[in-house]
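Survey of secondary and tertiary structure
Letter by letter, the chains look like this.
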Amino acid sequence: MSTLGYFARNSVIRILSFAVGVAFALLVTPTVVGAMGKAQYGVWVLVSSIVCYFLLLEGGVMQAVSKYAAAAHGRNDQQEVDRVFTVGVALHGLSCCVSLLVTAALVYGADFFDARHVSPGRLRLCLLIYSSCLAAMFLFRSHMGIIMAEMRWTLIAMLAMLRSTITSLVVLFSINESNGLVLLSAVNGGGFLLESLLCVLIVKRCGSARFRPRLFNRALAWEMLGYGWAFTVTQIGESMRYRSQNYIIAWFMGVREVAVFSIAMQFVGYFLSLMQSAFGIMVPYFSRLQADGDGEGTRATLLFSLRLSYMASSLIAACLIFYGRPFILLWLGEGFSPSYDALVPLSLGAALSLGMLPADGYLLGTATHRTLARCAMAEGVLIVLLSLLLVTPYGIVGVAWAYLLASALFRAGIVPWLVFTHAGMSLLVYLRLLAELGVTHVLPQVLCFLLIHDALGQGYWQLLFYCCVQAGIAVAIQVALLRWGGKSPLVATAQGRAA
């Protein structure tokens, strides 16, 4: 199984799906902000952030289904696949019940919300609709886990693209000031539920797995819960890294500043989604390599995927930093210009963090998930503490710097040390990787920007052209390195696996 071929087959359509989602989001966001206003939009950001924590109630069961079913596929054991699926469906039923109880608590707690910008009754309805849809979605998450275990990433990307297209078009043509919050809740929640129902139809039609109650195994259920719990802790850390800032800013500065900061975080969210589209497919791949006992292939795959991910993350961060300000001014106007001041440190932190995505896949795929969970939680706690410390003197920019400082410590220091040590490689290999990337990718991006950044003006099409030029240079350099990899020991080692 070729690493390069695996990326080529599965990442391209996922990136296309991401591009469609971003295009719709860029089109819809000004309409939503214009229809709702800054204050109402800030409330929606908080509501969606609260409800997104619902995914934590799943307990990481979908990822456990994906990992254990992928290992069973590697052994060609269909009965074990059915057993994993059966246990997953049962655990997801429990998650659904817990989610409904939490939904009731959220609806009751709506009375304690600050009613200056939205009535408790409307907030209660929004939480009820969105949370109920996600709770019902849990019943079908095991089906998505089976599709992931089969590494059918193209199909998953097509479903996500269909969901984003439908929801964006409905919002674009239906939203107004009176229905904004309720419409967004119903459309987004319904979109996720529809995507899950389509997964059910696909699994049943293909016969990928069957629910067979007699195969339920309590020991396997506890084992999957243990894996899922570690993954959930990781997700809690992720939520603290990417969502805690909204609550801190709302508490100290108000929901209007949440709206401004959320624009910068929206770009980081696109950054995250793009990187996950390209490199968030490695867990079942590493699981199969581990099942095959291919240690050398695992190390080579890790190096090769890290090189590609760091190349991509440095390119995206460079484009956000170089062209973010003129784009925000064109897109939303001068009132959102402070978003760029937060975007710069956020982009740098995201480049350091998301460049390590294949390492996350390695830790999850080789059952070293507890290590990743501890690091994610510690990093999330540090971000919260630093944000609380910096928000008062420096505002949203201080909160953004908190993310950068924590990412530099954990994602560029502690996590690489843990991963390379576990893989049996020297940390010098990682340092050499960073040095080569600085010379072969970061420096050319800076030089390119200095040469072309204002050659044709600052319109939408000009900014797109500049980004395409930057991307073309990065791709050309990477192709050259792959073709003449023998000049670099690091590339040669990784290329030997990909060939």
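In the block above lies the structure referred to throughout.
As the structure is a prediction and not an experimental result, all values here were calculated from the model. (Residues numbered from 1 in each chain as written. Predicted model: local features only at pLDDT ≥ 70, side-chain atom pairs only at ≥ 80, totals over all residues. Heavy atoms only, no water.)

Some words on the side chain of arginine 241
Operational definition: A run of H or I in DSSP becomes a helix once it reaches four residues, and a run of E becomes a strand once it reaches two; helices and strands are each numbered from the N terminus. Exposure categories follow from relative accessible area, calculated using a 1.4 Å probe and restricted to protein chains: below 20% of the type maximum is buried, above 50% is exposed, and the middle band is partly exposed. Distance and chemistry together define a polar contact, namely a pair of N or O atoms within 3.5 Å, with one atom able to donate a hydrogen and the other to accept it when in protein, and with adjacent residues in sequence counting only for side-chain atoms on both sides. Between two residues, a contact is recorded if the distance between any of their heavy atoms is within 4.5 Å.
Here arginine 241 is to be found in helix 8 (residues 218-242). The class of arginine 241 is buried, set by a relative accessible area of 2%. Side-chain polar atoms of arginine 241 contact the side chain of tyrosine 242, separated by 3.4 Å. Looking at arginine 241, its side chain comes within polar contact range of the side chain of glutamate 379, at 3.4 Å. When neighbours within four sequence positions are excluded, arginine 241 is seen to be in contact with Ser353, Glu379, Gly380, Ile383, Tyr403 and Arg411.

Brief notes about the nonpolar core
Applied cut-off: The set of buried Ala, Val, Leu, Ile, Met, Phe, Trp, Tyr and Cys residues whose side-chain atoms join them within 4.5 Å is what this entry labels a nonpolar core.
Counting residues in each nonpolar core, the largest one holds 146 residues, and the members touching the most others are Met224, Phe261, Phe267 and Leu346. Looking at this core element by element, the count peaks at 20 residues for helix 12 (residues 295-332). Setting aside residues no more than four positions away along its own chain, methionine 224 makes contact with Ala64, Val65, Tyr68, Val84, Val87, Gly88 and Leu91.

Quick word on unusual backbone geometry
The backbone of asparagine 76 sits at a positive phi, close to 55 degrees, despite the residue not being glycine. Along the chain, asparagine 76 falls in the loop between helix 2 (61-74) and helix 3 (78-109).

What about the packing of helix 6 (residues 153-174) against helix 7 (residues 180-206)?
To keep things clear, this is the line we draw: Whenever a helix is involved, its axis is fitted only over the stretch in contact; in every case the axis is a line through C-alpha atoms, and angles between N-to-C directions fall within 0 to 180 degrees. Here is the rule for angles: anything less than 35 degrees is roughly parallel, anything more than 145 is roughly antiparallel, 65 through 115 is roughly perpendicular, and the remaining ranges are oblique. Helix crossings fall into two classes, left-handed where the near helix is turned counterclockwise from the far one by less than a right angle and right-handed where it is turned clockwise. Polar here means any residue outside two lists: the nonpolar Ala, Val, Leu, Ile, Met, Phe, Trp, Tyr, Cys and Pro, and the charged Asp, Glu, Lys and Arg; Gly therefore counts as polar.
Look at helix 6 against helix 7: their axes get within 10 Å of each other, and the N-to-C directions meet at 155 degrees. Classed by the angle they form, the pair helix 6 and helix 7 counts as roughly antiparallel. In this structure, the crossing between helix 6 and helix 7 has a hand that is right-handed. Side by side, helix 6 and helix 7 meet where Leu155, Ile156, Leu159, Ala160, Leu162, Arg163, Ile166, Thr167, Val170, Val171 and Ser174 of the first sit next to Leu183, Leu184, Val187, Gly191, Phe192, Leu194, Glu195, Leu198, Cys199 and Ile202 of the second. The residue inventory of the contact of helix 6 with helix 7, partitioned by class, reads 16 nonpolar, three polar and two charged.

Overview of helix 14 (residues 357-365)
Burial analysis of helix 14 places nine of its nine residues in the buried class, which makes it a mostly covered element. Taken as a whole, helix 14 has its buried residues at Leu357, Pro358, Ala359, Asp360, Gly361, Tyr362, Leu363, Leu364 and Gly365.

Overview of the packing of aromatic side chains
Stated precisely, the cut-off is as follows: Aromatic pairing here means that ring centres of Phe, Tyr or Trp (its six-membered ring) are within 6.5 Å. Orientation follows from the plane angle: under 30 degrees is stacked, over 60 is edge-to-face, and everything else is tilted.
All told, the structure shown has 15 aromatic pairs when counted by the stated rule. Ring geometry for phenylalanine 267 and tryptophan 331: centres 5.7 Å apart, planes at 70 degrees, overall edge-to-face. Of this pair, phenylalanine 267 sits in helix 10 (residues 255-279) while tryptophan 331 sits in helix 12, and the two are 64 residues apart along the sequence. The buried category is assigned to phenylalanine 267, whose relative accessible area is 9%. When its relative accessible area of 9% is taken as the criterion, tryptophan 331 is described as buried.

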